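Residue strings, one per chain:
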Amino acid sequence: MKKYSIIALITASSLCLNLTSCSDFLDKTPDDQLTMEMIFSDKIRTEDWLASVYSSIPSPIWGYFKDQGYNIMGDDITIPQEWAPFGWANVYAFTTANWNPNSSWNPNYWVELPKRIRTGLIFLEKVRVIPEAGLTQEYVDRMKNEVRFLIAYYYSLLIETYGTIPFAPGVLYELDASAEELLISQTPYDEIVDWVDQELKDVSTKLPAMYTDKNDWGRATAVMALATRARMLLFAASPLFNGNPDLKDWKNAEGVNLFATNYDATKWTRAANAHKELIDMAEDAGHKLYIENNPDGSIDPFMSYYNMSLKTFSAGNREILFGRPENPDLNNFQRHHLPKGIGGNAGMGVTQELVDAFYMKNGIVPITGYNADGSPIINPESGYVENGFSAAVERRTTAWPGGGSSNLVDGNQRPITMEGTYNMYCNREPRFYVSVIFNEAWLGVANRRVEFLQGGGRDTGPTFDAPQNGYNVRKRISLDVNPVDGRYAFQPGIIYRLAEAYLSYAEALNEAGGPSDEVYKYINLVRKRAGIPDLKPNLTQDEMREAIRQERRVEFNCEGIRFHDIRRWKLGEKYLNNKLYGMNFYGTKKSDDKNDAAAFYKRTFYKSRSFTKRMYIWPVPQAQMDINPNLRQAPGYDN
Amino acid sequence: MNRFTCKEKSILLSKGKGFVAVSYLFLSLCPIGHGQAASMYAESYGNIALFADTDSNMKLNLQQKRISGRVMNAVGRSLEGVSVTEKGTSNSTITDHRGAFTMALTSTNPVLQFTSVGYASKEVVVADQQVIDVSLAEDLESLDEVVVVGFGTQRKASVVGAITNVDPAKLQMTPSRSLSNNLAGMVSGVIAVQRSGNPWFNNSDFWIRGVSTLAGGNSSPMVLIDGIERSLHDIDPEEIESFSVLKDAAASAVYGVRGANGVIMINTKRGKIGKPQVEARFERAYTSPIKLLDYVGSVKYLELMNEMNRENGQAPFVSEATLLNYKNQTDPELYPDINWWEVIAKENAALSKTNLSVNGGSDILRYSLVLGYYDEDGIIRNDPNQEWDSSLKVKRYTARSNVDVNVTPSTLVRINLGGFLQTKNAPPGNDNSNFGIFYQAMRIPPYIHPPVYADGRIPRVFAKENPWAFATQRGFEKMNHSKIEALTAVEQDLKFITDGLKAKATFAFDKFSGNSVTRSKTPDYYNPASARDADGNLVTDISFHGEQFLGHSIGSQWGDQSIYVETMLSYNRLFNNVHDVNTMLLYNQKDFDRGDALPYRNQGLAGRFSYTYDNRYVGEFNFGYNGSENFAKGQRFGFFPAVALGWIISEEDFMEPTRSVISNLKIRGSIGKAGNSILGPNIWDRRFAYISTIANTGDYNYGSEAPFVYRLGRAEGEVGVSNLTWETVTKKNLGFELGLWDNSITYIVDIFQDNREDIFMQRKNVPGHAGFNRAVWANFGKVANKGIDMSLNVNKRLGDDWLVTAIGNYTYAKNRIVEYDEPLSIVGTYRAETGKSVGQLFGLVSEGLFTADDFDADGKLKEGIPTQNFSDMSNLRPGDIKYKDLNGDGAINSLDRTAIGGTRMPQVIYGFGANVKYKAVDFGFFFQGAGKTYQILGGESWLPGSVLGAGNIFANIDDRWTTENPSQDVFWPRLGNKAVANNEQASTWWLRDMSFLRLKNIEVGYMFSQDLTKRIGIRNCRLFLRGSNMLTFSKFKLWDPELETTDGLKYPQMKSVSFGLSVNFNN
């Protein structure tokens, strides 16, 4: 009995012990959780928060291909449809006009950018001056202006894609915000433009124009602010957003027109002025076109144009006004451009239309249009010949090693095209060679020429990782990259460069007042660097418009700018809704005989592109339409 | 060491000389106190005498009286294993296979009690008898049978909760690694689907009575093994003594915030009083896929491609000459024709299962030991030329030892130790995701390249894998899981305070650990050969420089541990033979640590008060009062009560006349609450709902070149919600039980309704421009779930030789989202999820295929036909799928999606089978089926040609729309040589009913006659042959309908044929 009592006692007491000692068993608060208080009392963590605000600056490298997709959505580059399952489906869908409010678009600006804006607003509210922690008044003020820039920049991206958005600048929503506060309708485009214009102008007076420390490169500057502002105002003046009749019936929930119904020519003046301010500030700060010279002092257009997109700020590239320091998937980007024979993914090719757009080396446009059967209308004064093959190596004065074997170097003269090159590719301007990989072009890292012929060609294949239209892309890719050996090269991400300011300025000036000397000056600055003669004088305003558009097409090829130009100019139906041609992918013979099915060198229908009018503007995502009944869908998407 | 082990040895030795001495020796080694050695010796002597009659002259002069006898059933068959106890003492024995027993009596007026499961116990006054033969009546009413309930056991008659008890032997109907694969159709109230055949990933998903929470919520039942939360997948079925499913609130309310999804309770085998029972079981099975995908070969493939190109106005995909080369197979290396599934998968694999168990004990000490070994090979091929082994295989070693010790006559100590070691060997990256080996095999067409060229070079197309090399040339990975589970419980009978009062304390700890190693490399890859050079060598370039040796990388090591403490007081007593009281009060707490900053904790109180009057009227009240750390103080603890009532009509006097037919008739009902405090599918998805967090999101670098200034992105994360609290479910259950003819037929049916509210969900109605990084949590949703489950059991002995058993189970559960934070514009429309089932499929409604009449002369859709916005309109043609414009806006787009079909998860699960035993032969079969389960077919390369030259094409491709055969009654719509997004949309065109019925088990066994086997030390021996998943019936033919896939690219489901042997050793 005694034994039982003891056990009972132990049992009972263990029961009680548990019941009493454990009343606080669940009272524990995680001690590994950062709080805002902790964030904003520390310099690094404060900068961590700032980094999150920065992080939606798009990557103009891989992002403009696979996420934003602008390079693919435009008419510079096509990808094989078979890539769609590998993360390209969203971008590819745009090219087939499979674009609707339920379409996915990786950057999903409508939802994602407000997150950065909110993060920025919290920063502005919470950031504290703590000099002893390195958070001096001056530094905090600078960071605040960086955040203000970013918020305005993100708004500019939002209206660039969606036209208008629900716009409540500076509002930091509470958890229990009412439906009235949250479910607001869209704000007229021009009102948002005015706000962003003001904001960017204001921060441009507060931020430095350029940082001297290379470690600060990529952080907001006054030049970035003015560049963003200039680009936005150019958009606002352009046909898409300036009195576009297609948008005249787009009203918000209050019945207010979201776009002004009348064309306003002064918007071009405003854009021109903004560009002038930008150019002045940038040049004052030391920005200039990137130029390399030949030993004789002349401009080396090949090396200049080539290194303009590859050299970093610290290596002396002052052409970049707005860059993204580090870009994810750089290797992927480089590998997808290059031919299969050196380990590239090879499916990405420049379009025949882009090939045709490059000038001859005399600076004259070779092809002015197409016949119904897809054959080109050749500009006789250009000297362009399409058929036949070159009889000899062509050399030009340059240090650029991309055109041919080093055995063929002759003093300062380097090979540009090898013997037997299809005449279509001969005697073209320098930017062509720096931008396009065509069949039998020189492939330096493999010390051989490109082989795109089926039935033995090392750079093609029966599958989709081969140049579907007979081209690959060379623009923005270092000649040293060799994927087979895992050799890749670092390069900066360029969102805005000085040449864009020049050509945009010229465009705005021409639209506002016709072709003035100032217009010629800035176009010719760009042409000169490209190694081609000045534009011929006495062009009409319309001719100048065409010339500027052609210049932009060539200068900015494969940089993601062309797509927005097509949008601005409302030329999507012309350029994005057509049949695409290339060389004959199935060709097994080096022949330009149009009647020979096995000839490689002949213009061959490759695939159709589709574009409809509504696609100029991104649809409001359906999920957001569902949540907010006060939103009004962009025209064309709601039926 | 225990006395039976001692005895066993002495028996074995008794065949030789000097056994007495040896017996003494063993006795002296037995650590038994209480002065029982003498009686033990006597008993063992008695037993020996029984076996060795010739030794009977060696009787010792003992004071105790010896008694022997035989126990039979009503028809005179010997009963083995009947416990014979001298009343009032701890002296007992059990009958042998002949029903015989012998024991020495110790008390003055001895009374023998005979007890055996399934028979009415009997007491016999010994008086002067020396031989007592008794016959026991079958006790089919089993009123005293005890069943497992939450935190304890109850007499079956007084159970008023909805509890399914399943004979664990039935959970071994297929030789599967995981018990979960044998639940469907066998356990009423459980919905289970096995979604893969991969030996490492083939655990079934299972739910008790379906799902009553929203998608993304926690719908997993709690699984308790010996009262501790553990995994169902890792227990060897051989270790199981009882398997119960607690389905309604009366059964699960005691689990409080953890009981909402129902509870599965498994108790492992404990030692039974008696001689050691040694049993060995071995089974070997040959497995093969139920169905492999059937693809077209090269020639057919290329002809199709040519046809698609032609239709699109393009040059042929390949020339006639090339096609001829494929047809004639002139050079199979250049013009291959590869069936990739055959390249990567073997036709057969094997698995084997071995168990050894020992069970026995005395009233002082009882033990059960179960050892198991399981290994299964997958069907993925390896390369025998490699010195390493990449083949897919799984091995598991299990052990469980349960020991019960009566340290005093009223104190019982239980010590359970169990654990397993599980290893997997596989090609690297053999995950179950969509990028596994079978997926790679789909993605490469038959005509591109062979698995490997004769010269050893391995071809590969960019951005794809060579499936053979992917499976066999990349090394291997190995993963190890191990777990140890320990439990100690002390039960103290407190009858010195008052009769029926008991206290119990339990302490358990579990430790799981895992680690992995990857030994992998990438071989050299070459571009597919394009031609042969003059010497006949293949022209191919290297495309990727691989590695020569296997690398070595240690995977992460991970693990977790949990510590569980429980104390309980119970009071069970029968007053005046009519008032049966059953009460319990319990405290428990658990600390689960998986390496997070803080361990996961919960604690609670649970109680039960049950009163049964005269075996007729039962009332029961259960509660759980417990808390979760996930909520703020004040929101933390909840009270979860449940009441249940039962009426056992068959015990009423007025039922007396019918009792020979209606042996049991019971109606019961319950209502109560349970809860859920887990915020996501996993406990770690979101903790401490009341605390705001900082998210690491969006890092950035500054600087013009490396080294950059890197800044980790930080931003607002989860927003803490101070008033968030647990989900509650109100469960109602009405049950009816019927037993006929001495319960040889039993039928149980339950209808139920669960109403869950305050479901955790992340708000869906906050517009994007508000900029929250994470959707805010709220207690918002409501889901109602109702259904019925029933089971029928027939267990009939016909004469002496025939035993027939049959079972049938049926479970139906259908839920409905009552309230959901759905965007305002959707609520009330055909697009709404509210009002539909959780997991309802959505899609467009197909109206068949476009015909030529739908288009004008320019190939544009005629006026009045809604524009089809999914595709490039210029690419829309006759033969494409035509959709219904549900909102009548003249356009087909995402707004025209509506609920189609049902859910992927089956709403109906059923099973039926029978077993017939005639003398030594037994035959059984079991069918299992699922109904109201759907899939919408599709996938990235589902449509042939949509990924030109990129994927394989199903062999049924001729069943398609063509201009020559513009039939609507086809499987495939028009094929296009570019994406026809229109035809890829989820729609009723691709909706398939995945219902199936399969022959899950068919088995024939033979029990060898004892006369044959006992000479070799075997008491009985059963040999069996079984087939698993031998037949599957389904309207869907392309792959096994149970597979979790919309395009078949998964490790296939397996069927198997096995033979086995189970042996009970003589001792």
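I will try to describe carefully the structure that is included in this document. (Residues numbered from 1 in each chain as written. Chains lettered and ligands numbered in written order. Predicted model: local features only at pLDDT ≥ 70, side-chain atom pairs only at ≥ 80, totals over all residues. Heavy atoms only, no water.)

1. Considering the overall build of chain B
Okay, step 1: Assigned secondary structure in chain B consists of 11 helices and 55 strands.
Okay, step 2: Computed over C-alpha atoms, the radius of gyration of chain B comes to 34 Å, within 12% of the 31 Å expected from 2.2 N^0.38 for 1067 residues, which places it in the range of a compact globule.
Okay, step 3: The C-alpha extent of chain B, read off along each of the three principal axes, is 110 × 70 × 70 Å.
Okay, step 4: In chain B, the share of contacts with a sequence separation of at least 24, taken over all contacts with a separation of at least 6, comes to 70%.
Okay, step 5: Working note: accessible area of chain B is about 41,500 Å², and carbon and sulfur atoms make up 55% of it. (Helix = DSSP H or I, 4+ residues; strand = E, 2+ residues; numbered from the N terminus. Rg over C-alpha atoms; globule rule 2.2 N^0.38 Å. Contact = heavy atoms within 4.5 Å. Areas by Shrake-Rupley, 256 points an atom, 1.4 Å probe, with all protein chains shown as cover.)

2. Describing the packing of aromatic side chains
Okay, step 1: Within this structure, the stated rule accounts for 91 aromatic pairs over all chains.
Okay, step 2: Aromatic side chains A:Trp99 and A:Trp618 sit 5.5 Å apart centroid to centroid with 75° between the ring planes, which places their arrangement in the edge-to-face category. One end of the pair, A:Trp99, is in the loop between helix 6 (89-95) and helix 7 (109-126); the other, A:Trp618, is in the loop between strand 14 (604-608) and helix 22 (622-627), with 519 residues separating them in the sequence.
Okay, step 3: Owing to a relative accessible area of 2%, A:Trp99 belongs among the buried residues under this scheme.
Okay, step 4: With a relative accessible area of 2%, A:Trp618 lands in the buried category.
Okay, step 5: Ring centres of B:Tyr301 and B:Tyr447 lie 5.4 Å apart, and the angle between their planes is 40°; on these two criteria the pair is classed as tilted. Of this pair, B:Tyr301 sits in helix 5 (residues 298-311) while B:Tyr447 sits in the loop between helix 8 (437-443) and helix 9 (467-472), and the two are 146 residues apart along the sequence. Each of the two residues, B:Tyr301 as well as B:Tyr447, counts as buried.
Okay, step 6: Positioned above the aromatic ring of B:Tyr702 is the side chain of A:Arg219, whose terminal nitrogen or guanidinium carbon lies 4.9 Å from the ring centre. (Phe/Tyr/Trp six-rings, centres within 6.5 Å; stacked < 30°, edge-to-face > 60°. Buried < 20%, exposed > 50% of the residue type's maximum accessible area, 1.4 Å probe, protein only. Lys NZ or Arg CZ within 6 Å of the ring centre and 35° of its normal.)

3. Some details on the interface of chain A and chain B
Okay, step 1: With 99 residues of chain A at the interface, the matching set in chain B holds 112 residues.
Okay, step 2: Of the roughly 8,800 Å² buried where chain A meets chain B, counting both sides, 59% is carbon and sulfur surface.
Okay, step 3: The interface formed by chain A and chain B holds four salt bridges in total.
Okay, step 4: As a salt-bridge pair, A:Asp48 and B:Arg714 come within 3.1 Å of each other at their nearest N and O atoms.
Okay, step 5: Here chain A is connected to chain B by 18 residue pairs in polar contact (both at pLDDT 80 or more).
Okay, step 6: Of all elements in the fold, only helix 1 (2-21), helix 2 (36-39), helix 3 (43-54), helix 7, strand 14 and helix 22 of chain A reach the threshold of two or more residues within the side of chain A that touches chain B.
Okay, step 7: Among the elements that line the side of chain A that touches chain B, the one with the most residues is helix 1 of chain A, at 10 residues.
Okay, step 8: Along the lines of polarity and charge, the residues of the side of chain A that touches chain B split into 46 nonpolar, 30 polar and 23 charged. (Buried area = accessible area lost by both parts, 1.4 Å probe. Salt bridge = Lys/Arg side-chain N within 4 Å of Asp/Glu carboxyl O. Polar contact = N/O pair within 3.5 Å; in protein donor to acceptor, adjacent residues only side chain to side chain. Nonpolar A, V, L, I, M, F, W, Y, C, P; charged D, E, K, R; others polar.)

4. Some points on the nonpolar core
Looking at soluble globular proteins, one finds that nonpolar side chains tend to be buried together.
Okay, step 1: Formed by 180 residues in total, the largest nonpolar core has its most connected members in A:Phe149 and A:Tyr425.
Okay, step 2: By residue number, the principal contributor to this core is helix 8 (residues 137-162) of chain A, which donates 15 residues. (Core = buried A, V, L, I, M, F, W, Y, C linked by side-chain atoms within 4.5 Å.)

5. Describing the sheet that holds strand 13 (residues 222-225) of chain B
All names here are of chain B.
Okay, step 1: Strand order in the open sheet formed by five strands is 10-15-16-13-14, with mixed pairing between adjacent strands. Only two strands of the sheet have a single neighbouring strand rather than two, namely strand 10 (163-166) and strand 14 (228-229).
Okay, step 2: Here strand 13 runs beside strand 14; their pairing, made up of two bridges, is antiparallel. From the neighbouring strand, Leu224 faces strand 14, where its bridge partner is Glu229. (Pairing = 2+ DSSP bridges.)

6. With respect to unusual backbone geometry
Okay, step 1: B:Ala706 connects to B:Pro707 through a cis peptide bond whose omega is -5°.
Okay, step 2: Tracing the chain through its elements places B:Pro707 in the loop between strand 36 (700-702) and strand 37 (709-711).
Okay, step 3: You will see that A:Lys570, though not glycine, has its phi angle at about 55°, which is positive.
Okay, step 4: When you line up the elements, A:Lys570 lands in the loop between helix 20 (562-568) and helix 21 (572-575).

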